[in-house]
Amino acid sequence: MAHEEKPVEAQETDVSQDETLVEDTQAAPEEAAGAATEQDLVAELEAAREEAQLNKDRYLRAEAEMVNVRRRVEKDVENAHKYGQEKLVREILDVADNLERTLAAIETETAEVKPLKEGVEMTLKSLLDSFEKFSITVINPEGEPFDPQVHQAMSMVENPDMEPNTVMAVMQKGYALHGRLVRPAMVMVSKGGPSKNSIDETA
């Protein structure tokens, strides 16, 4: 029996179905490739964001470090201006000490000595005025509480008339440059003692 031929419409339907199958077969890999590409893009974007954040952090740290370096340099320059002459100041202090010792050694003011004393006093005053201009301050703590930060105790003496740890006498004045100690004051400190009004029980 001879094969029956399909109508033309049926043949066209079969052909269209075959083409649809072919298109579906081709579309599946393309969709899978598209999904994979999208995932790769998301991963790359995330990696780029992390790298950008990392670079930003590095930049901020570098900028902060530069600010700190600038501040340290400015502080060093400021200290160099303030304390650069500290060694010279130490040497000049000996001149002030000698002038004060000279005045202390003059016991009588005779006609011959008086002009000399006045000259020494004027010289010392001029020197102290120069100290003030350059922020060199005198530390003369007689009668003040003893401060080990700026005073150097040379001896301690019992003195019931003064509070313990009080500076009784200044043997050598101290000096500070812009508030920083150049030389401590050498002092005699009260140690305290029995009160003058205490009763002697051994009598």
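This one's a predicted model, so the numbers in the text were calculated from it and none came from an experiment.

Basis of the calculations
Residues numbered from 1 in each chain as written. Predicted model: local features only at pLDDT ≥ 70, side-chain atom pairs only at ≥ 80, totals over all residues. Heavy atoms only, no water. Pairing = 2+ DSSP bridges. Helix = DSSP H or I, 4+ residues; strand = E, 2+ residues; numbered from the N terminus. Patch = residues over 30% accessible without salt bridge, like charges linked within 9 Å, V, L, I, M, F, W, Y side chains within 5 Å. Areas by Shrake-Rupley, 256 points an atom, 1.4 Å probe, with all protein chains shown as cover. Salt bridge = Lys/Arg side-chain N within 4 Å of Asp/Glu carboxyl O. Buried < 20%, exposed > 50% of the residue type's maximum accessible area, 1.4 Å probe, protein only. Axes fitted to C-alpha atoms, helices over the stretch in contact; angles between N-to-C directions. Contact = heavy atoms within 4.5 Å. Polar contact = N/O pair within 3.5 Å; in protein donor to acceptor, adjacent residues only side chain to side chain. Core = buried A, V, L, I, M, F, W, Y, C linked by side-chain atoms within 4.5 Å. pLDDT = per-residue confidence, 0-100.

Asks: An account of the pairing of strand β5 (residues 180-183) is needed here, citing residue identities and associated values.
Replies: Pairing geometry for strand β4 (residues 174-177) and β5, over three bridges, is antiparallel. The residue of β5 that forms the bridge with Y175 is R183. Two successive antiparallel strands, β4 and β5, enclose a turn made up of two residues, where H178 displays a positive phi of approximately 50°.

Asks: Tell me about a nonpolar patch on the surface, residues and numbers included.
Replies: On the surface, a cluster of nonpolar side chains totalling about 200 Å² of accessible area is made up of V69, V73 and V77. Mapped onto the secondary structure, V73 falls in helix α1 (residues 8-83). Classification of V73 by relative accessible area gives partly exposed; the value is 43%.

Asks: Before we move on, could you go through the sheet that holds β4 and cite the residues and values that matter?
Replies: Read across the open sheet, the three strands follow the order β1-β4-β5; overall the sheet is antiparallel. Single-partner strands in this sheet number two, and they are β1 (136-139) and β5. Sheet twist, expressed as the mean angle between neighbouring strand axes with direction ignored, is 35°. Contacting β1, β4 and β5, helix α2 (residues 86-105) crosses the sheet at an angle of about 55° to β5.

Asks: Report on the pattern of salt bridges, specifying residues and quantitative values.
Replies: Pairing of side chains with opposite charge becomes possible as their charged atoms draw close. According to the stated counting rule, one finds six salt bridges in the structure shown. Note that R90 and E86 form a salt bridge whose closest N and O atoms lie 3.1 Å from each other. Separated by four residues within a single helix, R90 and E86 lie in helix α2, roughly one turn from each other. Residue R90 is classed as partly exposed on the basis of its relative accessible area, which comes to 41%. Two residues, R180 and E86, come together in a salt bridge whose shortest N-O distance is 2.9 Å. Taken together, the residues span a long stretch of sequence, with R180 in strand β5 and E86 in helix α2 at a distance of 94 residues. The class of E86 is buried, set by a relative accessible area of 14%. Via salt bridges that share partners, E86, R90 and R180 belong to a single interconnected network.

Asks: Any details on the sheet that holds strand β6 (residues 185-190)? Residues and values, ideally.
Replies: Within a sheet, adjacent strands bond to each other through the backbone by hydrogen bonds, running parallel or antiparallel. The sheet built from three strands is open, its strands ordered β2-β6-β3 with mixed pairing. Taken across any chain shown, the strands that pair with only one partner, and hence form the sheet edges, are β2 (151-157) and β3 (167-172). Going across the sheet, the axis of each strand differs from the next one's by a mean of 30°, ignoring polarity. Sheet topology note: the β2/β6 ladder contains six bridges and is parallel. Residue pairing in the sheet places A153 in a bridge with V187 of β6.

Asks: Outline the side chain of T166, supporting the account with residue identities and numerical values.
Replies: Within the fold, T166 resides in the loop between β2 and β3. Accessibility expressed as a relative area gives 10% for T166, which makes it buried. A distance of 2.7 Å separates a polar atom in the side chain of T166 from the backbone oxygen of E163.

Asks: So what's going on with the nonpolar core? Residues and values would help.
Replies: Where a protein is soluble and globular, its nonpolar side chains tend to be buried together. Within the largest apolar cluster, 14 residues are counted, with the highest numbers of intra-cluster contacts made by V89, L93, A96, F131, I136, Y175 and L177. Here the element with the most residues in this core is α2; it accounts for five residues. The contact partners of V89, leaving out residues within four places of it in the chain, are I136, L177 and V182.

Asks: Explain the confidence of the model for the protein chain to me, using residue names and the numbers behind them.
Replies: With 76% of its residues at a pLDDT of 70 or more, the protein chain shows a mean pLDDT of 81. Predicted confidence is poor over residues 195-203, with pLDDT under 50, and the contacts of this stretch with residues over four places away or in other chains come to two contacts.

Asks: Residue-level account of the environment of A104, with values.
Replies: Topologically, A104 is positioned in helix α2. We classify A104 as exposed; its relative accessible area is 64%. Between the C-alpha atoms of A104 and K117, which are 13 residues apart in sequence, the distance is 9.9 Å.

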